[in-house]
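# Overview (structure and organization)
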Amino acid sequence: MYNFLAVNVCGLNSKLKYRNIHEIVCNHDFICLCEIRTPFIPYDEFPGYDAIISNRKCKKNGIETDTLTGLAILIKTCDKFSFQIIEAKKTNCEWILWVKVCDLKNEFSFLLGSTYIPCETSSYYSDNIYETIVEDVLDLTTEYQLPFILMGDFNSRCGNLSDTVIYEKEITSITGFSDEDSNYIEQLGLLQRKSEDGVVNRNGKDLITFCKSFNLKILNGRFGSDKGVGMYTCHTPRGESVVDYALVSDCLIPQVKNFLVDPLDTTLSDVHSAIHVSLSNCSSTPLRTEQLGTEQPEATNSNNLQGDSRPTYRDRSEEHTSELQSLVNLVCRLLLEKKKKQII
């Protein structure tokens, strides 16, 4: 079992004076931090962990500044898995720090991304951030062919919008693609995602389109104590919102064992709740039930994205137009996949 933690610490140094952060960290294998606001973490601050800090800098209007993005990942030192830092030159978006994780016993691997998306009022915000992330995910998929886990502060409010495209039978018949092979969220009866935050912003619409195009699923509001709730993750004097998420490739859904949102702890973050994910390191196929705690048989483990269909992310008209665009992207991807299999 792997345990993940993600939190926007709003400045790490101010939190290190409290021992609480150390106690929380030691219960997890992977810790995704954002807005650490420090260029380094002392090697002895978190004994038993490797600290990876992004050295990439924020951009304003496409021009690099002197300010670091503030992303970090703490990885437990153990003999269960190995990790490889994805070089910055392989990606274009500075707002995700990527590592490849390989389980040494179960032949299970994935790409983990510690994520921070600037809010729409930030001077570092760009309206093509998600387009840049799309290009990176396509390139990483081509090179590694592994599922994805992204955790962090997305500053994206997507309300209760659906992150899933339901494949029409006509499409699956034409392409030869079976939705049962890649839509585990539906098989487990978890299509409906709940959120206490009903607001949808620009980033939120882009996040949903991104999820649909890459068959990524939002865990908030679907698992553990947060199932059917979708608790607020950001708490400010101006109000509360859901902006901190865990996203996983649909093929990992059967391995998700728990998800929870902590109450706000100001010794850990000024305004953000920590989010936790527990993931089995053994691949499994889902039972057709909403009960997720039972043992399940083995299945293959791979990311379902194939081909190089590059979607457009700046649809500003109506919500149904975005849905249609996602479906078009899906059909193109499935046709490419079928063609590739025929060539092989």
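An account of the accompanying structure is given in this report.

What counts and how
- Residues numbered from 1 in each chain as written.
- Predicted model: local features only at pLDDT ≥ 70, side-chain atom pairs only at ≥ 80, totals over all residues.
- Heavy atoms only, no water.
- Helix = DSSP H or I, 4+ residues; strand = E, 2+ residues; numbered from the N terminus.
- Expected span 1.5 Å × (residues − 1).
- Buried < 20%, exposed > 50% of the residue type's maximum accessible area, 1.4 Å probe, protein only.
- Contact = heavy atoms within 4.5 Å.
- Pairing = 2+ DSSP bridges.
- Axes fitted to C-alpha atoms, helices over the stretch in contact; angles between N-to-C directions.

This brings us to helix H3 (residues 129-144). Side chains that are three or four residues apart share a direction in an α-helix, a result of its 3.6 residues per turn. Taking 1.5 Å of rise per residue, 16 residues should cover 22 Å, and H3 covers 22 Å from first to last C-alpha, within 8% of that figure. Listed as buried for H3 are Ile129, Tyr130, Thr132, Ile133, Val134, Asp136, Val137, Leu138, Leu140, Thr141 and Tyr144. Residues of H3 that are buried in the fold lie against strand E7 (81-85), strand E8 (96-103), strand E9 (109-116), strand E10 (148-153) and helix H6 (202-214). At the exit of H3 stands Gln145, carrying a positive phi of roughly 50 degrees.

Below, the discussion takes up the pairing of strand E2 (residues 30-34). Burial analysis of E2 places five of its five residues in the buried class, the great majority of the element. Burial of E2 is two-sided: the residues Phe30, Cys32 and Cys34 facing one way and the residues Ile31 and Leu33 facing the other way are all buried. By the bridge criterion, five bridges tie strand E1 (residues 2-8) to E2 in an arrangement that is parallel. Each bridged residue has a counterpart across the sheet, and for Phe4 the counterpart in E2 is Phe30. The pairing of E2 with strand E6 (residues 72-76) spans four bridges and is classified as antiparallel. Residue pairing in the sheet places Leu33 in a bridge with Ala72 of E6.

Right, let's get into the environment of Ile96. Counting through the fold element by element, Ile96 comes out in strand E8. The exposure class of Ile96 is buried, given its relative accessible area of 5%. Measuring from C-alpha to C-alpha, the distance between Ile96 and Ser114 comes to 5.5 Å, with 18 residues separating the pair along the chain. Residues in contact with Ile96, not counting those within four places in the same chain, are Leu71, Gly113, Ser114, Thr115, Ile133 and Leu150.

A sheet is described by the order of its strands in space; here six strands give the open sequence E7-E8-E9-E10-E14-E11, paired in mixed fashion. Strand pairing shows two members of the sheet lacking a second neighbour, E7 and strand E11 (216-218), which therefore form its edges. Averaged over all neighbouring strand pairs, the angle between strand axes comes to 20 degrees, with direction disregarded. Bridge count between E10 and strand E14 (residues 244-249): five bridges; the pairing is antiparallel. Residue pairing across strands places Leu150 opposite Leu247, the latter belonging to E14. This element, H3, spans E7, E8, E9 and E10 of the sheet and lies at about 20 degrees to E8. Packed onto the sheet, H6 meets E11 and E14 and runs at close to 135 degrees relative to E11.

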